[in-house]
Amino acid sequence: MYTGHAMSCLFCKIVDGTIPSTPVYQDELCYAFADINPQAPVHVLVVPREHIVSMDECKQSNCNLMGHLLWAAAEIARAKGLGKGYRAVLNTGSDGGQSVEHLHVHLLGGRALSWPPG
Ligand code: 5GP
Ligand code: ZN
């Protein structure tokens, strides 16, 4: 269900189509699209249609939505043939490296990913 939109938000504009993107998956709760600066052969962003700033802003009432985003990422990973594995990341806040203030799950795969991240 669509419940929120921030006029000045980049990912809200991508969700509503004002800013073009390459769609990967979409349903009533989320939209997934190719990252403009991919860090792996598969780099998809899964975002809620609802404007939520970050994981830190999530309420208990967002639990179903948060689970749905991870399920969608797993569906995309299966569709992309990432059977060897992949990584789902939620950068949160400035120390977490978040640059766009609309919650998003990075789905990264298609190569071996190192740990720990930078
Ligand atoms: P963050 O740094 O907030 O975790 O991730 C933001 C991501 O959004 C980055 O990986 C960046 O490449 C991506 N990004 C930023 N602007 C755009 C855009 O206009 N279109 C798309 N498709 N991705 C974007
Ligand atoms: Zn937004």
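For the structure, see preceding data.
This write-up is about the structure you can find in this document. Since we're looking at a predicted model, the values are computed, not measured.

1. Quick notes on the packing of aromatic side chains
How two aromatic rings sit relative to each other is given by the distance of their centres and the angle of their planes.
Here's step 1: On inspection of all chains with the given rule, the structure shows three aromatic pairs.
Here's step 2: Seen from their ring centres, phenylalanine 11 and phenylalanine 33 are 5.4 Å apart, and the 80 degrees between their planes marks the pair as edge-to-face. Of the two residues, phenylalanine 11 is situated in helix 1 (residues 10-16) and phenylalanine 33 in strand 2 (residues 30-34); the sequence distance between them amounts to 22 residues.
Here's step 3: Centre to centre, the rings of tyrosine 31 and phenylalanine 33 are 5.6 Å apart; their planes meet at 20 degrees, and the pair counts as stacked.
Here's step 4: For phenylalanine 33, a relative accessible area of 3% puts it in the buried group.
Here's step 5: Three or more aromatic residues joined by ring pairs make a cluster, and in this case those are Phe11, Tyr31 and Phe33.

2. Notes on the pattern of salt bridges
Here's step 1: Enumeration according to the criterion identifies one salt bridge in this entry.
Here's step 2: The closest approach of N and O atoms between glutamate 75 and arginine 78, which form a salt bridge, is 2.9 Å. With glutamate 75 and arginine 78 both in helix 2 (residues 63-79), this residue pair falls three residues apart, about one helical turn.
Here's step 3: A relative accessible area of 54% places arginine 78 in the exposed class.

3. Topic: the site of ligand 1
Here's step 1: Among the 16 residues in the neighbourhood of ligand 1, the closest are listed as Asp35, Asn91, Ser99, His104 and His106.
Here's step 2: At 3.1 Å, a backbone N or O of glycine 97 approaches an oxygen atom of ligand 1.
Here's step 3: Measuring from an oxygen atom of ligand 1, one finds a side-chain N or O atom of histidine 106 at 2.8 Å.
Here's step 4: Relative to its unbound accessible surface of 520 Å², ligand 1 loses 82% to contact with the protein.
Here's step 5: Those elements giving two or more residues to the shell around ligand 1 turn out to be helix 1 and strand 2.
Here's step 6: For the shell around ligand 1, the leading source of residues is helix 1, giving three residues.
Here's step 7: Partitioning the shell around ligand 1 into residue classes produces eight nonpolar, seven polar and one charged.

4. Re the sheet that holds strand 1 (residues 23-26)
Here's step 1: Pairing is antiparallel in the open sheet, where five strands are placed in the order 1-2-3-5-4. The open sheet is flanked by strand 1 and strand 4 (86-89), the only strands paired with a single partner. Averaged over all neighbouring strand pairs, the angle between strand axes comes to 20 degrees, with direction disregarded.
Here's step 2: Direction of pairing for strand 4 relative to strand 5 (residues 105-109): antiparallel, over a ladder of four bridges. Residue pairing for strand 5: arginine 87 is matched across the bridge by leucine 108.
Here's step 3: Against the sheet, helix 2 contacts strand 1, strand 2, strand 3 (42-48), strand 4 and strand 5, and its axis sits at roughly 155 degrees relative to strand 3.

Rules and cut-offs
- Here the residue numbers are simple positions, counted from 1 along each chain's written sequence.
- Labels follow written order: the first chain is A, the first ligand is 1, and so on.
- Per-residue local features are limited, in this predicted model, to residues with pLDDT of at least 70; the limit for side-chain atom pairs, both in listing and counting, is 80 or more; totals at the level of whole chains, interfaces and linings are taken over all residues.
- Side-chain measures were taken over the full set of non-hydrogen atoms in the model, leaving aside hydrogen atoms and water.
- Here is the rule: rings of Phe, Tyr and Trp (six-membered ring for Trp) pair when centre to centre is within 6.5 Å. Planes less than 30 degrees apart are stacked, more than 60 are edge-to-face, and the remainder are tilted.
- Secondary structure follows DSSP: runs of H or I at least 4 residues long count as helices, runs of E at least 2 residues long count as strands, and numbering of each begins at the N terminus.
- Relative accessible area decides the class of each residue, using a 1.4 Å probe on protein chains only: under 20% of the type maximum gives buried, over 50% gives exposed, and in between gives partly exposed.
- In the sections that follow, a salt bridge refers to a side-chain nitrogen of Lys or Arg positioned within 4 Å of a carboxyl oxygen of Asp or Glu.
- Near is defined per residue: the residue qualifies when any heavy atom it owns lies within 4 Å of the molecule or strand.
- Whenever a nitrogen or oxygen atom comes within 3.5 Å of another N or O atom, the pair is scored as a polar contact, on the condition that within protein one atom can donate a hydrogen and the other can accept it, and that pairs from neighbouring residues in sequence are kept only if both atoms are in side chains.
- Here, Shrake-Rupley sampling with a 1.4 Å probe gives the accessible areas, and only protein chains in the shown set may cover a residue.
- Nonpolar residues are Ala, Val, Leu, Ile, Met, Phe, Trp, Tyr, Cys and Pro. Charged residues are Asp, Glu, Lys and Arg, and all others, Gly as well, are polar.
- In this scheme, strands are said to pair when DSSP sees at least two bridges between them.
- Here, axes are lines fitted to C-alpha atoms. For helices the fit covers the stretch in contact, and angles between N-to-C directions go from 0 to 180 degrees.
- When checking whether two residues touch, look at their non-hydrogen atoms; a contact exists if any pair is within 4.5 Å.

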